[in-house]
Amino acid sequence: MAYLSDQGLIVPTKTMRELLGANLGAFLADLTLTWQPRMGPPIITKLYEETRLFGNAVFRLPRNYIARLSKLMAVKVMIDVDIGARQIAAQLAMPLFPDQTAIVSHLCATYFTPQRIAAGRATATLNLGAGQGKTMVAAGLIQRLQTRTIFVVSKSALASQAIDDFQRGLTGVAIGEYGALKLQEGRKRGPKVVWPAILIIVINSLCNLAAKRQELLQQYDMIIFDEVHEFATEARRIAFRTA
């Protein structure tokens, strides 16, 4: 038995070992990314975790591995996630243009269907020219899905712009920027920061989180990469695949 939850795809270690047998190593190797920087030892990122849940040894795998795991192992997968508990109440502060509304409707009808979301396969690439309102399309998608979202940008200047755009485009939802929130947390030296429903983060900050990256990502159900063509370096590729 495997369980699909907001913490990932949870599979008992015993089940993995029994059904994959000698192929377990190869399966986990496919979930291990290695990047060799110019100096220093290689950086290894595991997209899985061996941990314990309710006293039982389990593997926590990426949610999008549900289809592959079901096919390889013929295991019944139970969806055990309270989507309502993680939903937000975002509202559009201004109406979208007709073409933007059409794009959002197409994305929801084709790519972000309940079935694809449950299977961890809700993904799409949107290619729009400059000035066509990609951020507002993102705002419309967030409002339609009502889901906690990380918005990844390539540089700090774009983070400030994204904050302004989302604050003008959405109401009823907390919006924040990762760097500013961490700086505020450090100054207060108090409780850890409470991450907002919509978090803007620069890709380099996401890369530098290393082991804590998964901890942050698990608090969100959708990740949007802005200007994704700029994320082609090896380090950024690791962060991209982890997400």
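Worth saying up front: this structure is predicted, and the values here are computed from it rather than measured. Along each chain, numbering runs from 1 in the same order as the chain's sequence is written. Confidence filtering applies because this is a predicted model: local features only for residues at pLDDT of at least 70, side-chain atom pairs given and counted only at 80 or more, and all residues used for totals across whole chains, interfaces and linings. Side-chain numbers come from the whole structure's heavy atoms, not from hydrogens or water.

## With respect to the packing of aromatic side chains
Only Phe, Tyr and Trp rings take part, Trp by its six-membered ring, and two of them pair if their centres are within 6.5 Å. Stacked means planes under 30 degrees apart, edge-to-face means over 60, and tilted covers everything else. Per the counting criterion, the structure on display carries 3 aromatic pairs. Measuring from ring centre to ring centre gives 6.2 Å for Tyr48 and Phe59, while their planes differ by 50°; the resulting arrangement is tilted. Of this pair, Tyr48 sits in the loop between β4 (43–46) and β5 (49–53) while Phe59 is found in strand β6 (residues 56–61), placing the two residues 11 residues apart along the sequence. Relative accessible area serves as the criterion here: at 0%, Phe59 is assigned to the buried category. Here Tyr178 and Trp195 contribute two aromatic rings whose centre-to-centre distance is 5.3 Å and whose plane-to-plane angle is 15°, an arrangement assigned as stacked. Each helix corresponds to a stretch of at least 4 residues labelled H or I by DSSP, and each strand to a stretch of at least 2 residues labelled E; elements are numbered beginning at the N terminus. Three exposure classes are used, based on accessible area relative to the maximum for each residue type with a 1.4 Å probe and protein chains only: buried under 20%, partly exposed in between, and exposed over 50%.

## A look at the environment of Ile224
Following the sequence through the fold, Ile224 ends up in strand β13 (residues 222–225). Residues Ile224 and Ile200, 24 residues apart in the sequence, show an inter-C-alpha distance of 9.6 Å. Working rule for contacts: check all heavy atoms of both residues, and any pair within 4.5 Å makes them a contact. In contact with Ile224, other than residues within four places in its own chain, are Ala138, Thr149, Ile150, Phe151 and Val152.

## Observations concerning the side chain of Thr147
Structurally, the position occupied by Thr147 is in the loop between α7 (134–145) and β9 (149–153). Thr147 gets classed as buried once you look at its relative accessible area, which sits at 11%. Not counting residues up to four positions away in its chain, the partners in contact with Thr147 are Ile88, Ile142, Asp221 and Met222.

## Side note on the pattern of salt bridges
Opposite charge on two side chains lets them pair, provided their charged atoms get close. Criterion for a salt bridge: a side-chain nitrogen of Lys or Arg within 4 Å of a carboxyl oxygen of Asp or Glu. Under the counting rule described, the total for this entry stands at 2 salt bridges. Across the pair Arg60 and Glu49 runs a salt bridge whose closest N-O atoms are separated by 2.5 Å. Linking Arg60 in strand β6 with Glu49 in strand β5, this pair joins segments that are 11 residues apart in sequence. Under the relative-accessibility criterion, Glu49 is labelled partly exposed at 32%.

## Concerning the nonpolar core
Here, nonpolar core means buried Ala, Val, Leu, Ile, Met, Phe, Trp, Tyr and Cys residues that are tied together by side-chain atoms lying within 4.5 Å of each other. The biggest cluster of nonpolar side chains holds 31 residues, and the ones touching the most others in it are Ile142, Phe151, Phe166, Leu170, Val173 and Ile200. Taken together, the elements giving at least two residues each to this core come down to α5 (98–110), α7, β9, α8 (156–169), β12 (198–202) and β13. No other element matches α7, which puts 7 residues into this core. Formed by 16 residues, the second largest nonpolar core is a distinct cluster that contains Trp195, Ile203, Cys207 and Phe225.

## Looking at α7
Within an α-helix, residues lying three or four positions from one another point in the same direction, as the helix has 3.6 residues per turn. Here α7 contains 12 residues, and its C-alpha end-to-end distance of 16 Å stays within 8% of the 16 Å for a straight helix at 1.5 Å per residue. Counting buried positions along α7 gives 9 out of 12 residues, so the element sits mostly inside the fold. The complete set of buried residues in α7 reads Thr135, Met136, Val137, Ala138, Ala139, Gly140, Leu141, Ile142 and Leu145. Of the residues trailing α7, Gln146 is marked for its positive phi of about 55°. Expected span of a helix, by definition, is 1.5 Å for each gap between consecutive residues, and there is one gap fewer than residues.

## Notes on the pairing of β6
Pairs of strands are assigned from DSSP output, requiring at least two bridges between the strands. Pairing between strand β2 (residues 8–12) and β6: 4 bridges, direction antiparallel. Across the sheet, the residue bridging to Leu9 is Leu61, located in β6. Note that β5 and β6 share 5 bridges and pair antiparallel. Bridging from a neighbouring strand, Glu50 pairs with Phe59 of β6.

In short, geometric facts, not functional conclusions.
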